[in-house]
Amino acid sequence: MAEIKAEPFAFPVKHDQLALIVIDMQRDFAEPGGFGASLGNDVSRITRIVPDVKRLIQGFRNAGLPVIHTMECHRPDLSDLPPAKRDRGNPTLRIGDEGPMGRILISGEPGTAILPALAPVKGEVVIEKPGKGAFYATEFGEVLQRKGIRQLVFAGVTTEVCVQTTMREANDRGYECLLAEEATESYFPEFKAAAIAMIRAQGAIVGWTAHVDDILESIA
Ligand code: C5J
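Keep in mind that this is a model prediction, so the values were computed, not measured.

> Is there a simple way to think about the site of the ligand in this case?
Inspection of the region around the ligand gives D24, F29, E72, V157, T158, V161 and C162 as its neighbouring residues. Split by residue class, the shell around the ligand holds 4 nonpolar, 1 polar and 2 charged.

As structure tokens, this is what we get:
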């Protein structure tokens, strides 16, 4: 059985069932003027992981393995945005408001797009999700089933919100999940560290974590 060096123990990889899931690498979370910045966050933390996310994506593409992207966003009429989500916190710009990159986290707006360096290529699935998890109110589960995918390598942002939520949803549905440590980030370094520790605690209770180099080596 092929393995990826991982924590808390080796990940038993089945390459014919493996996909990379890139969570929400959107301008709204990574650039000044977007949603992340409107909440008072230092978005430069997010842009720093772009090179590692990029080489992970490239490795999967080179190996002919699926890359699936997600985007957190809402319909222009806000019909999929619960008031509880819109009104949460005290941002300078709320979801749906007009900002310097268009309407915040609205499908089709410039700021909602995936960062150009990580843009999907022809044939790659992009899941638009109104929640933090990728399974809620989307076709994500059906896409995975249709493609015969059972093992998910995760990259993207933020570690403790949309990445961890999706990993937990996937874990409950029977998927084996592996988080690429250098290819995920939080606005809060202590939250990233805690999420990594939680995921792999108690014998990989939510999943495994591994270094990007070790993942790439296994699919080369
Ligand atoms: C957040 C996300 N943090 N993609 N979204 O609101 O993690």
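Back to the text.
> What exactly am I supposed to notice about the environment of E182 here?
Checked against the element boundaries, E182 lands in strand β9 (residues 176-185). Using a count of 18 C-beta atoms within 10 Å as the deciding quantity, one classes E182 as partly exposed. Along the backbone, E182 and I49 are 133 residues apart, and their C-alpha atoms lie at a distance of 6.7 Å. Every residue in contact with E182, bar those within four places of it in the chain, is listed here: I49, D52, H211 and V212.

> How do you make sense of the UniProt feature "domain: Isochorismatase-like" (unreviewed entry) in the protein when you look at a structure like this?
In this numbering, the UniProt entry assigns the feature "domain: Isochorismatase-like" (unreviewed entry) to residues 19-207. Between the end C-alpha atoms of residues 19-207 there is a gap of 15 Å, over a span that is 35% helix and 20% strand.

> Which parts of the structure should I look at to understand helix α9 (residues 212-219)?
Working note: α-helix, 3.6 residues per turn, so residues spaced by three or four point in the same direction. Regarding α9, the residues found buried are V212, I215 and S218. Down the axis of α9, the buried set is contained in an arc of 130°. They therefore lie on one face. If you follow the buried residues of α9, they end up packed against β1 (3-4), α4 (50-62), β8 (151-157), β9 and β10 (208-210).

How each quantity is defined
Residues numbered from 1 in each chain as written. Predicted model: local features only at pLDDT ≥ 70, side-chain atom pairs only at ≥ 80, totals over all residues. Near = placed C-beta within 6 Å. Nonpolar A, V, L, I, M, F, W, Y, C, P; charged D, E, K, R; others polar. Helix = DSSP H or I, 4+ residues; strand = E, 2+ residues; numbered from the N terminus. Buried ≥ 20, exposed ≤ 12 C-beta atoms within 10 Å, placed from the backbone. Contact = placed C-beta atoms within 7 Å. UniProt positions renumbered as here; feature names shortened; annotations may be inferred. Arc of directions from axis to C-beta.

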